Amino acid sequence: MTFARISGTGGYLPERVMTNHELETIVDTSDEWIRDRSGIRQRHIAADNETTSDMALSAAREALAAAKVEVADIDLIIVATTTPDRVFPSVACTVQRKLGIHDIPAFDIHAACSGFMFALDVANRFVKTGGASNVLVIGAEIYSRILDWSDRATCVLFGDGAGAVVLQAAEEAGIVSTHIHSNGKHEELLYVSGSVGDRGTERQSDAAFIKMRGNEIFRKAVAALGNIARETLAGNGITKSDLSWLVPHQANLRIISATAKKLCLPMERVVVTVDQHANTSSASIPLALDVAVRDGRIKRGDLLLFEAFGAGLTWGSALVKY
Ligand code: COA
């Protein structure tokens, strides 16, 4: 039987750091409020000439180097993003062009902040069924371009970045299981305004900006993430104490702590980057994974739980033997 295994990780963060104090000069907020309510201290913001595919490419190159895999051996590229360079072509195709390879399949997955969970699920199926053996799975986002910088309820929460993993065929898991869910019923709680085809008028309301009912999203996220953690453990016949690390989507430290508490995991066993990166949507899990792999916290053989929640609504998890 064939399994998929993470053989390398990579990450990229834009050079420019925006602190909470800088945000105090832009909207009516305070460093204290942002830290207390979300745990965020700073975020990275892409340069004007930087694109999602540029960031995805940098993270991908790092992951390939870590996995010791040659670009020519990649046989599938999947990018999770909701902020592509253009409506089409996909970021995955642009990354493919920038890597100088062709003919292999490359496509994007759009599942907002849960995007990386959906991309990992699809990549895992490709590998397990023999459709691919060396897959680049990337999460990359440039939310600074879809933030309303006059809306303090959203602009303080997000940042830009990219994370990547190389998934390779192996004889042992690897990706033990993946779990993905969607429910379109609550789409009004978190969405981007405007539609494809809007001609861009003077009216602010027509622009593509994130709109969020934060409080309601918070409650739904805590409930869904608790449920999916239980589903993942039960589905694999394991208990909370079998987990080595929780690598959660980084939206809000209070959401992360609530999930850790349900899993009886002390915060020392939770990878937290939301303080440094803010919410980088589908990039947040591969970025957090890369940080903890590179600083030596996550080691080969550790059992990891990834989990994410986002617009759609969407949510997902993966149990991974690193
Ligand atoms: N600075 C200062 N005050 C702010 C603020 C800011 N940046 N943003 C909102 N406030 C104010 C509100 O206006 C409100 O004031 P009021 O009581 O006078 O009306 C007050 O703070 C409380 O707002 P509320 O939205 O109830 O705060 P909260 O405790 O729910 O925290 C979030 C807000 C957004 C941090 C929190 O709801 C959250 O993280 N939600 C989930 C976000 C998320 O995960 N999104 C992505 C999903 S992947």
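Whatever comes next refers back to the structure up there.
Just so you know, these numbers come straight off a predicted model, no measurement behind them. (Residues numbered from 1 in each chain as written. Predicted model: local features only at pLDDT ≥ 70, side-chain atom pairs only at ≥ 80, totals over all residues. Heavy atoms only, no water.)

Novice: Sorry if this is basic, but what is going on with the pairing of strand β13 (residues 314–321) here?
Specialist: Sheet faces and side chains relate simply in a regular strand, where the side chains alternate between the two faces. Most of β13 sits inside the fold, with seven of its eight residues counted as buried. Both strand β8 (residues 175–182) and β13 contribute to a ladder of seven bridges, which runs antiparallel. If you follow H181 over to β13, its bridge partner there is W315. Bridging between strand β12 (residues 303–310) and β13 involves eight bridges; their strand directions are antiparallel. Pairing of A308 across the sheet is with G316, part of β13. (Buried < 20%, exposed > 50% of the residue type's maximum accessible area, 1.4 Å probe, protein only. Helix = DSSP H or I, 4+ residues; strand = E, 2+ residues; numbered from the N terminus. Pairing = 2+ DSSP bridges.)

Novice: Is there a simple way to think about the site of the ligand in this case?
Specialist: With respect to spatial proximity, 23 residues lie near the ligand, and among them T29, R37, R152, N215 and N252 are the closest. A distance of 2.9 Å separates a nitrogen atom of the ligand from a polar backbone atom of R152. Between R254 and the ligand, the recorded distance is 3.4 Å, taken from a side-chain N or O atom to an oxygen atom. In isolation the ligand offers 960 Å² of accessible surface; the protein chains occlude 71% of this area. When residues in the shell around the ligand are grouped by element, the largest group, four residues, is from helix α7 (residues 214–235). Tallied by class, the residues present in the shell around the ligand amount to 12 nonpolar, seven polar and four charged. A domain split of the shell around the ligand shows at least three residues from each of domain 1 (3–172) and domain 2 (176–321). (Near = heavy atom within 4 Å. Polar contact = N/O pair within 3.5 Å; in protein donor to acceptor, adjacent residues only side chain to side chain. Areas by Shrake-Rupley, 256 points an atom, 1.4 Å probe, with all protein chains shown as cover. Nonpolar A, V, L, I, M, F, W, Y, C, P; charged D, E, K, R; others polar. Domains from an automatic or database assignment.)

Novice: Just checking my understanding: could you explain the side chain of N124 for this structure?
Specialist: The residue N124 is located in helix α5 (residues 115–128) in this model. The class of N124 is buried, set by a relative accessible area of 4%. The contact partners of N124, leaving out residues within four places of it in the chain, are A4, L167, I175 and T178. (Contact = heavy atoms within 4.5 Å.)

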